[in-house]
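What the coordinates show
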Amino acid sequence: MTGLVLDTVSWSVGDTRIVAPTSLAFTPDKVNVILGPNGAGKSTLMKIAAGRLRPTSGRVLLDARDIFAIDAKELALQRAFLSQHVEIDFAITVEEVVLMGRYPHFARAPGREDRRIVDAALELVGMSARRRQIYPTLSGGEQQRVQLARVLAQIWSDDDAPAPRTIFLDEPVASLDIHHQLQILDLVRTLPARRCTIIVTLHDLNLALDYGDRFIFLRDGQLQAIVEDPAEVSPHLIRQVFDVSATGHNGEDGKRVLRFHL
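A few points on the structure. Predicted model only: the values in this text are computed from it and were never measured.

Across its full length, the protein carries eight helices and 12 strands. Computed over the C-alpha atoms, the radius of gyration of the protein is 19 Å, within 12% of the 18 Å expected from 2.2 N^0.38 for a compact globule of 262 residues. Residue burial in the protein is summarised as follows: out of 262 residues, 48% are buried. Taking as baseline every contact in the protein between residues at least 6 positions apart, the subset at least 24 positions apart corresponds to 64%. Element-wise, carbon and sulfur atoms account for 50% of the exposed surface of the protein, whose accessible area totals about 12,900 Å².

As structure tokens, then:
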């Protein structure tokens, strides 16, 4: 079996179950969106899927291999992870932060190709002009864009037939203004065409339905539904997962827009 598969994974702390036994396969080369209210277990499930958190039970398989048996450097070339919060409180430049993404690719010092990729990643997220700025002096939204550039630099490939890679994005637009939310999600939407499987958590259901291909709904650590078509995300499911009512409206561009009320 190819791709990333969760085989009855669960995670608990003492007697508290955070993620109930869950089995699912993420669709390769698509944007897989994990949705649910705060405390649903979205970030925990994502960390398990990325091999950053060992499940209490069950297995995580990447191309039929136990992800926890894959060498750390080899795994770093296949998947990258963007956390909600990355704390860097010392004097390091934006360029140096993005260069961290290239660490798995060189032994002692970065080469010309590594620096070219850093330049390209900064250009993609619109942060080239800030490359010399000290990272902690950036706004929260700017820091998030730099961290996305780091992730892109880590799994970058200019090959005509690139190897498959997986990118995990945990609330990548949470601290961004509307313009940069759309800019980043437009960029993310282009990545599956380069053999990147995207696994992302989002709070904004309208953005999720607009940019996602497949929707995984969680509540209280339990899988509620997997929906393959945004048009099939029903008001009943939204009520079941989020405890709110939803009505659909067609926007000026003809796309369905949800409005919510208690």
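Now that the structure has been shown, the text picks up again.
Another aspect to go through is the environment of valine 86. By the secondary structure assignment, valine 86 is in the loop between strand 6 (79-82) and helix 3 (94-99). Using a relative accessible area of 27% as the deciding quantity, one classes valine 86 as partly exposed. Setting aside chain neighbours within four positions, we find valine 86 in contact with Tyr135 and Gln147.

On to the sheet that holds strand 3 (residues 31-35), then. The strand order across the open sheet built from six strands is 6-7-8-3-9-10, with neighbouring strands paired in mixed fashion. Each edge of the open sheet carries a strand with a single partner, namely strand 6 and strand 10 (222-227). In this sheet, neighbouring strand axes are inclined to one another by 15 degrees on average, regardless of whether the strands run parallel or antiparallel. Pairing of strand 6 with strand 7 (residues 165-170) involves four bridges; the strand directions are parallel. Residue pairing in the sheet places phenylalanine 81 in a bridge with phenylalanine 168 of strand 7. Against the sheet, helix 8 (residues 235-242) engages strand 3, strand 9 (214-219) and strand 10, with an angle of about 40 degrees to strand 9.

What follows covers the nonpolar core. Counting 55 residues, the largest nonpolar core has Ile167, Ile198 and Phe217 as the members making the most contacts within it. With six residues, the top contributor of residues to this core is helix 5 (residues 140-154). Ignoring sequence-local partners within four residues, the contact set of isoleucine 167 consists of Ala80, Val151, Leu152, Ile155, Leu191, Cys196, Thr197, Ile198 and Ile199.

Our next topic: the sheet that holds strand 4 (residues 57-62). Ordered by their spatial adjacency, four strands build an open sheet running 2-1-4-5, and the pairing between neighbours is antiparallel. Each end of this open sheet is capped by a strand with a single partner; those strands are strand 2 (16-25) and strand 5 (65-66). Alignment of strand 1 (residues 4-13) against strand 2, held across six bridges, turns out to be antiparallel. Within strand 2, the position partnered with tryptophan 11 by the bridge is valine 19. Helix-sheet contacts for helix 1 (residues 42-49) involve strand 1, strand 2 and strand 4, and the interaxial angle to strand 1 is about 125 degrees.

With 15 residues, helix 5 extends 21 Å between its outermost C-alpha atoms, agreeing within 8% with the 21 Å of an ideal straight helix rising 1.5 Å per residue. Of all 15 residues making up helix 5, 14 are buried, and the element is well covered by its neighbours.

Here we take up the side chain of glutamine 154. Inspection of the secondary structure assignment puts glutamine 154 in helix 5. Residue class for glutamine 154 comes out buried when judged on its relative accessible area of 10%. A polar contact of 2.9 Å, which involves the side chain of glutamine 154, links it to the backbone oxygen of alanine 76. A distance of 2.9 Å separates the side chain of glutamine 154 from the backbone oxygen of arginine 79, its partner in a polar contact.

Attention now moves to the packing of aromatic side chains. Considering all chains together, one arrives at two aromatic pairs under this definition. Relative to phenylalanine 168, the ring of phenylalanine 81 lies with its centre 5.9 Å away and its plane at 25 degrees, an arrangement referred to as stacked. Here phenylalanine 81, found in strand 6, pairs with phenylalanine 168, found in strand 7; they are 87 residues apart in sequence, far enough to count as distant. With a centroid separation of 5.8 Å and 85 degrees between ring planes, the pair formed by tyrosine 103 and phenylalanine 106 is classed as edge-to-face. Owing to a relative accessible area of 48%, tyrosine 103 belongs among the partly exposed residues under this scheme. Over the face of the ring belonging to phenylalanine 81 we find arginine 52, whose NZ or CZ atom lies 4.2 Å from the ring centre.

Calculation rules
Residues numbered from 1 in each chain as written. Predicted model: local features only at pLDDT ≥ 70, side-chain atom pairs only at ≥ 80, totals over all residues. Heavy atoms only, no water. Helix = DSSP H or I, 4+ residues; strand = E, 2+ residues; numbered from the N terminus. Rg over C-alpha atoms; globule rule 2.2 N^0.38 Å. Buried < 20%, exposed > 50% of the residue type's maximum accessible area, 1.4 Å probe, protein only. Contact = heavy atoms within 4.5 Å. Areas by Shrake-Rupley, 256 points an atom, 1.4 Å probe, with all protein chains shown as cover. Pairing = 2+ DSSP bridges. Axes fitted to C-alpha atoms, helices over the stretch in contact; angles between N-to-C directions. Core = buried A, V, L, I, M, F, W, Y, C linked by side-chain atoms within 4.5 Å. Expected span 1.5 Å × (residues − 1). Polar contact = N/O pair within 3.5 Å; in protein donor to acceptor, adjacent residues only side chain to side chain. Phe/Tyr/Trp six-rings, centres within 6.5 Å; stacked < 30°, edge-to-face > 60°. Lys NZ or Arg CZ within 6 Å of the ring centre and 35° of its normal.

In short, geometric facts, not functional conclusions.
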